[in-house]
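Residue-level structural notes
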Amino acid sequence: MKKFLVIGNPIEHSLSPEIHNYWFKKYRMFGSNYEKRKVTEKELKNVIEEIKNDNIDGINVTVPFKKSVIPFCDKLDFTAERIQSVNTIIKIRSGPWVGKIFGFTTDSQAFRDCIERLEYNSVFVLGSGGVTASILDALNQDERSLQVFLTNRTRKKAENLKKQFKGTSIKIEVIDWGTKPANKCDLVINTTSVGLKKEDKININFEEYKGKKMVFIDLIYNHKTHFLKDAEKRGNLIMNGQDMFLGQARYAFEKFTGVLPDIDEEVFKLVSYD
Ligand code: ATR
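The structure contained in this document is the topic of the report that follows. (Residues numbered from 1 in each chain as written. Predicted model: local features only at pLDDT ≥ 70, side-chain atom pairs only at ≥ 80, totals over all residues. Heavy atoms only, no water.)

The six strands are arranged β9-β8-β7-β10-β11-β12 in an open sheet whose pairing can be described as parallel. Taken across any chain shown, the strands that pair with only one partner, and hence form the sheet edges, are β9 (171–176) and β12 (237–239). Along the sheet, successive strands turn relative to each other by an average axial angle of 20°, direction set aside. Across four bridges, the pairing between strand β7 (residues 122–126) and strand β10 (residues 187–190) is parallel. (Pairing = 2+ DSSP bridges. Helix = DSSP H or I, 4+ residues; strand = E, 2+ residues; numbered from the N terminus. Axes fitted to C-alpha atoms, helices over the stretch in contact; angles between N-to-C directions.)

What follows deals with empty space enclosed by the protein. Inspection of every chain in the model, using the stated rule, returns one cavity of 30 Å³ or more. Quantified by volume, the largest cavity comes out at close to 30 Å³. Considering the residues around the largest cavity, the lining is formed by Val194, Gly195, Asp200, Lys201, Ile202, Thr225, His226 and Phe227. Considering only residue class, the lining of the largest cavity consists of three nonpolar, three polar and two charged. (1 Å grid on protein atoms, 1.4 Å probe; cavity = no way out; pocket = protein on both sides within 12 Å on 5 of 7 lines; lining within 4 Å. Points joined across faces, edges and corners; volume = space filled by probe spheres on them. Nonpolar A, V, L, I, M, F, W, Y, C, P; charged D, E, K, R; others polar.)

Here the focus is unusual backbone geometry. A cis amide bond links Asn9 with the next residue in sequence, Pro10, at an omega value of 5°. Summarising the element assignment, Pro10 is placed in the loop between β1 (2–8) and α1 (16–26). Here the amide bond leading from Val63 into Pro64 is cis, since omega sits at 5°, within 30 degrees of zero. For Arg28, which is not a glycine, the phi torsion comes out positive at approximately 55°. Residue placement: Arg28 occurs in the loop between α1 and β2 (32–38). The class of Arg28 is exposed, set by a relative accessible area of 63%. For Asp54, which is not glycine, the phi torsion reads 65° and is therefore positive. (Buried < 20%, exposed > 50% of the residue type's maximum accessible area, 1.4 Å probe, protein only.)

As summarised here, the arrangement of the six strands in space is β2-β1-β3-β5-β6-β4, forming an open sheet in which the pairing is mixed. Either end of the sheet is taken by a strand with one partner, and the two such strands are β2 and β4 (75–76). With four bridges joining them, β1 and strand β3 (residues 58–61) adopt parallel strand pairing. In the sheet register, Val6 faces β3, and the bridge partner there is Asn60. Along the sheet, helix α2 (residues 44–52) makes contact with β1, β2, β3, β5 (88–91) and β6 (101–104), crossing β5 at roughly 40°. Running at roughly 5° to β5, helix α8 (residues 242–257) makes contact with β1, β2, β3, β5 and β6 of the sheet. (Contact = heavy atoms within 4.5 Å.)

Structure, rendered in structure tokens:
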């Protein structure tokens, strides 16, 4: 029996087991099972030890441990190293790193896929928490040099992210929380946790964007946030976090099994709320 886990705290809300178990069934991997486990920071070392001992075959990591698992990995892939975030851990089975505990991030590639078909030149990013670096990394993979406006309630954290991306192809300008970029922007991405609770509202006034052909993206995927509802009312386009969530799961599944699964209607239903 192969055993996989998603760890986090809280973890009750996680839909990862439904998704991965659906794919195990679909691809006839009947000897594999995926569960969720709530852990504390102190337990991280032991959980990863379970991969070393072959009690667990792979782990997904969610909030708030994407950074704190790093010291327990022997090696990180290029993107995880650069943005200091890990969401997938496995033991390498062949090649030069055989036996080593490897940490990957699949968030960045998943977000890249989400925006692939959109037209944009400049982007407004709200927040500077754990997931924001993945979003900036995805924007940095654009072949053009994108203008990114970054804002965060705690400005210092936005300044630090800007430093982290110094010398890369994106041009980041930090602006005060509550203000908007002076220039036109085509995408507005909420990476903050405001909206996780249904009643949460972001205290930035976007009324001047009424009727504009802009896309508002919220990484929150379990309900339509006020951020998106308001954008819809203003006549802007919207995208929720379901595609990114499924995308990161898809690339993690590939790390676990070697099979890159399809995002079919059935799996999409598992994360749909409407
Ligand atoms: P991390 O990933 O670093 O643990 P997080 O909790 O995922 O942090 O990040 C939450 C993000 O939402 C941060 O950008 C946070 O802003 P601060 O850096 O100022 O804390 C943002 N955030 C959380 N609550 C917020 C609020 N009420 N208003 C504005 N931004 C908020």
